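# Architecture and fold: a report
Listed here are the chains, written in short residue letters.
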Protein chains: 2
Amino acid sequence: MADKVRVAVDAMGGDNAPKEVIKGAVEAVNAKEEIQLILVGVEDKIKQELANYTYPKERIRVVHATEIITTEESPVMAIRKKKDSSIVVAMNMVKNKEADAFVSAGSSGAILAGGQLIVGRIKGIERPPLAPLIPTEKGVSLLIDCGANVDARASHLVQFAKMGSIYMEYVVGIKNPKVAIVNIGAEEEKGNALVKETFPLLKQCPEINFIGSIEAREIPSGYADVIVCEAFVGNVILKLYEGVGSTFKKMVINALKSTTLSKIGALFVKSAVKDTLKSFDASDYGGAPLLGLNGLVVKTHGNAKMKEIRNSIMQCVIFKEQQINEKIKERIIVKE
Amino acid sequence: MADKVRVAVDAMGGDNAPKEVIKGAVEAVNAKEEIQLILVGVEDKIKQELANYTYPKERIRVVHATEIITTEESPVMAIRKKKDSSIVVAMNMVKNKEADAFVSAGSSGAILAGGQLIVGRIKGIERPPLAPLIPTEKGVSLLIDCGANVDARASHLVQFAKMGSIYMEYVVGIKNPKVAIVNIGAEEEKGNALVKETFPLLKQCPEINFIGSIEAREIPSGYADVIVCEAFVGNVILKLYEGVGSTFKKMVINALKSTTLSKIGALFVKSAVKDTLKSFDASDYGGAPLLGLNGLVVKTHGNAKMKEIRNSIMQCVIFKEQQINEKIKERIIVKE
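### Section: the sheet that holds strand β11 (residues 296-299) of chain B
Working definition: the strands of a sheet are paired by backbone hydrogen bonds and lie parallel or antiparallel to each other. All names here are of chain B. Strand order in the open sheet made by the 6 strands is β3-β2-β1-β4-β11-β10, with mixed pairing throughout. Each end of this open sheet is capped by a strand with a single partner; those strands are β3 (60-64) and β10 (288-290). On average, each strand axis in the sheet is inclined to that of its neighbour by 25°, with strand direction left out of account. Note that β10 and β11 share 3 bridges and pair antiparallel. Looking across to β11, one finds that Leu 290 is bridged to Val 297.

Put into structure tokens, the structure is as follows:
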């Protein structure tokens, strides 16, 4: 068991649970030997679904949980009251070191709340940021924080920058990642009060490769690897990214169908355009880690399908193997 | 002169000045009889450019200004020191009621600073927001505020919502426009401190059609007509909109060129795709008004070409004819 990475998976979370979740889980187990899976949720349903697949039985365990937290519930209340929900049961396993990581497509609010209340922060980490990878022209960038901590302080943003750098370097594999702070102009004196306070602090950090401000316009080009912002702004960026992307896709597809000529041409360009639009698809990159916790919690999109679940589970292996939390403790906490 | 709308135009502002600016100005004058133009800037250069066109001479006047404010300068300093710059001279004309409106593609910072310092706010308006129209699937939405007032207060956002409603109804022609506040979730209890404070105030406004929160993901669909946010967030939205849009365009164009098959198909789909991508082009809708001033100031994109300049000037006519500032005074100030 020593080399295994034990990942608890919320079998009941998300729009496509349990089917796609379990499909992704089986795929992950079959793809990587190190993975030891714990599927948490309503046992009957999970076993029924699992019966459709071939996989090494000893590497998938089912843990029964009777309740399900919905996205309509108040997150903090749900975490406190639904002690037998898949999220709470799985998070307790992470807390008690029975699992190294937890992957869920369920209620974002409940996952964020549970991460703090159950799994708990690494001592010295002020706020745990949610940090999705977003597609860019060059590959991916890490957007940190993206919804966990609204009204953050400058010291939080500095920790986000450091944690994000470690994640990009060791999980995604980008050497000396470029860190930038989201701003409304390139100059140091630009910005709101929070950015003006944070900018000089980031400039003074020897452990990150701070390149200054990034305007939102430059984010899709891949100008920075780690994009630091407070959660409200980060959430707006993430969702607008998805919104503009999907509107554009729809428009291009409609254009291809709009005239007789274009319909003919569409037959020729379809595969090339499809591949291109796909490269802007966030699900390829796995879910968003909630960093700075005593264990790893990964939030996928609510509508995650097999591929995103599988990739999120694989992400947990790299996170453990690269000892990200140990690096966070060594490099961030000791210094502060 | 009574029915004329006197528009001062910054002949020296923007990447394509004076050529495109003057081309747009001439187009506007030729298109609308009500327009009386004042081209402000270096007289020689303006006259040299004007010599290329046919237009009613009595409706374009040139006012000489020797200095130019660049985007590199500190806006407030530039406004204070460069008394003979095209921006300062033109804004003084608006202040002194020699012009009804001012259109510029020059330094955003200088235009925002000059709007407040020279033209001045309508009495009772706390902060003048910059409010560009952004393209959506359904047409356009007004994004207010988009860069003028970072770290705004709830009372500012309420005024933005009211001014934005008036603008959308009477300038853009959308009856009873839907107003929403940018938030990170649909529920009333979601958001940062500013949004939580503003939400109930907007709910209580009888004079606007408040529909609640809008997540950034829904902005491109045209879910709301007036999108209220503080300037930092608004600026991020505007710039990301442009950034994701231009990345997508680039990617689709590259995809069309990527294989022999797609190159053949591209010949058939080119015009349909081009038309579609164009409909997402912000320049069609003219510039962004800075609302709540004693006169109208319109900021176009720095790289504005003829069409955006022309449309911005035409926008000023509707603004004057529809008596937007009178409506702002009646409906907002009196009530508060």
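### Considering the side chain of Ser 107 of chain A
Residues and elements named next belong to chain A. Secondary-structure assignment places Ser 107 in the loop between β4 (101-104) and α5 (108-119). Of the polar contacts made by the side chain of Ser 107, one reaches the backbone nitrogen of Ala 110; its length is 3.0 Å. Leave out the neighbours within four places in its chain, and Ser 107 touches Ile 69, Thr 70 and Thr 71.

### Remarks on empty space enclosed by the protein
Under the definition given, this model contains 1 cavity of 30 Å³ or more. Around the largest cavity, the lining residues are Leu 157, Ile 181, Val 182, Asn 192, Leu 194, Val 195, Cys 229, Glu 230 and Val 233 of chain A together with Phe 232 of chain B. Of all the secondary structure elements, the ones that give two or more residues to the lining of the largest cavity are β7 (178-183) and α7 (193-203) of chain A. Residues that form the lining of the largest cavity fall into these classes: 8 nonpolar, 1 polar and 1 charged.

### A short note on the side chain of Glu 230 of chain B
Residues and elements named next belong to chain B. As for its placement among the helices and strands, Glu 230 is situated in the loop between β9 (226-228) and α8 (231-256). Although Glu 230 is buried, it makes no salt bridge; Arg 127 carries the closest opposite charge, 7.7 Å away. Reaching out from Glu 230, the side chain makes a polar contact with the backbone nitrogen of Asp 151 at a distance of 3.5 Å. A polar contact is formed between the side chain of Glu 230 and the backbone nitrogen of Phe 232, at a distance of 3.0 Å.

### Comments concerning helix α6 (residues 154-172) of chain B
All names here are of chain B. In this model, α6 (19 residues) spans 26 Å end to end at C-alpha, consistent with the 27 Å of a helix rising 1.5 Å per residue. Among the 19 residues in α6, 16 count as buried, and that is most of the element. Directly beyond the C-terminal end of α6, a positive phi value near 85° is found at Gly 173.

### As for the relation of the copies chain B and chain A
Of the two same-sequence chains, chain B is brought onto chain A (RMSD 0.1 Å, axial shift 0.0 Å) by a rotation of 180°. Viewed as a symmetry operation, the transformation between the two copies matches a two-fold axis. Among all C-alpha atoms of chain B, that of Gly 265 of chain B lies closest to the rotation axis, at 2.1 Å.

### Quick look at the interface of chain B and chain A
With 50 residues of chain B at the contact, the number on the chain A side is 50 residues. Around 4,600 Å² of area is buried between chain B and chain A when both sides are counted, 78% of it from carbon and sulfur atoms. The tally of links between chain B and chain A comes to 6 salt bridges. For the pair chain B and chain A, the number of links is 12 residue pairs in polar contact (both at pLDDT 80 or more).

Thresholds, definitions, all that
Residues numbered from 1 in each chain as written. Chains lettered and ligands numbered in written order. Predicted model: local features only at pLDDT ≥ 70, side-chain atom pairs only at ≥ 80, totals over all residues. Heavy atoms only, no water. Pairing = 2+ DSSP bridges. Helix = DSSP H or I, 4+ residues; strand = E, 2+ residues; numbered from the N terminus. Axes fitted to C-alpha atoms, helices over the stretch in contact; angles between N-to-C directions. Polar contact = N/O pair within 3.5 Å; in protein donor to acceptor, adjacent residues only side chain to side chain. Contact = heavy atoms within 4.5 Å. 1 Å grid on protein atoms, 1.4 Å probe; cavity = no way out; pocket = protein on both sides within 12 Å on 5 of 7 lines; lining within 4 Å. Points joined across faces, edges and corners; volume = space filled by probe spheres on them. Nonpolar A, V, L, I, M, F, W, Y, C, P; charged D, E, K, R; others polar. Buried < 20%, exposed > 50% of the residue type's maximum accessible area, 1.4 Å probe, protein only. Lys, Arg positive; Asp, Glu negative; His and termini not counted. Salt bridge = Lys/Arg side-chain N within 4 Å of Asp/Glu carboxyl O. Expected span 1.5 Å × (residues − 1). Least-squares fit on C-alpha atoms with pLDDT ≥ 70 in both. Buried area = accessible area lost by both parts, 1.4 Å probe.

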